[in-house]
Amino acid sequence: MNFLPDVKVLCDVCGGRRFNSETLSVLWREKNIGDVLSMSIDDAVEFFQAHPKVHHALKLLQDVGLVI
């Protein structure tokens, strides 16, 4: 319905992180999947520097100005 404003409601269980507590308890370099997905492009470029394919894609986003 295009005439109604957007409504966002946070999940009571995950608090908007989109994953259950078991999934969020898995850490890699002190970050869980919720932290990684909420990173800015600048932070992600630095975080994935050791992974050339991912780093290259993120660097391209950063170079064209898609920084969140």
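For the structure, see preceding data.
Nothing here was measured: the structure is a model prediction, and the numbers come from that model.

### Notes on the overall build of the chain
Then step 1. Counting its regular elements, the chain contains 4 helices and 0 strands.
Then step 2. Along the chain, helices (α) and strands (β) appear in the sequence α-α-α-α when read from the amino end.
Then step 3. What you see for the chain is a C-alpha radius of gyration of 16 Å, clearly larger than the 11 Å of a compact globule of 68 residues, by over 25%.
Then step 4. Counting every position in the chain, which comprises 68 residues, the buried fraction comes to 19%.
Then step 5. When contacts within the chain are restricted to residue pairs at least 6 apart in sequence, long-range pairs at least 24 apart make up 12% of them.
Then step 6. For the chain, the distance from the average position of its 7 positive side-chain charges to the average position of its 9 negative side-chain charges is 5 Å.

### Details of the packing of aromatic side chains
Where two aromatic rings form a pair, the distance of their centres and the angle of their planes describe that pair.
Then step 1. Evaluation of the coordinates by the stated rule reveals 3 aromatic pairs.
Then step 2. Seen in terms of ring centroids, F47 and F48 are 5.0 Å apart; in terms of plane orientation they differ by 85°. Their pairing is edge-to-face. As far as the burial class goes, F47 and F48 line up, both buried.
Then step 3. An aromatic cluster is present here, built from W28, F47 and F48 joined pairwise through their rings.
Then step 4. Its guanidinium or amino end placed over the ring of W28, R29 lies 5.7 Å from that ring's centre, counting from NZ or CZ.

### Points about the nonpolar core
Then step 1. Formed by M39, I41, A44, V45, F47, F48 and L58, the largest nonpolar core amounts to 7 residues.
Then step 2. Examining the composition of this core, we find that 4 residues originate from one element, helix α3 (residues 41–47), more than from any other.

Definitions and cut-offs
- Residues numbered from 1 in each chain as written.
- Predicted model: local features only at pLDDT ≥ 70, side-chain atom pairs only at ≥ 80, totals over all residues.
- Heavy atoms only, no water.
- Helix = DSSP H or I, 4+ residues; strand = E, 2+ residues; numbered from the N terminus.
- Rg over C-alpha atoms; globule rule 2.2 N^0.38 Å.
- Buried < 20%, exposed > 50% of the residue type's maximum accessible area, 1.4 Å probe, protein only.
- Contact = heavy atoms within 4.5 Å.
- Lys, Arg positive; Asp, Glu negative; His and termini not counted.
- Charge placed at Lys NZ, Arg CZ, Asp CG, Glu CD.
- Phe/Tyr/Trp six-rings, centres within 6.5 Å; stacked < 30°, edge-to-face > 60°.
- Lys NZ or Arg CZ within 6 Å of the ring centre and 35° of its normal.
- Core = buried A, V, L, I, M, F, W, Y, C linked by side-chain atoms within 4.5 Å.

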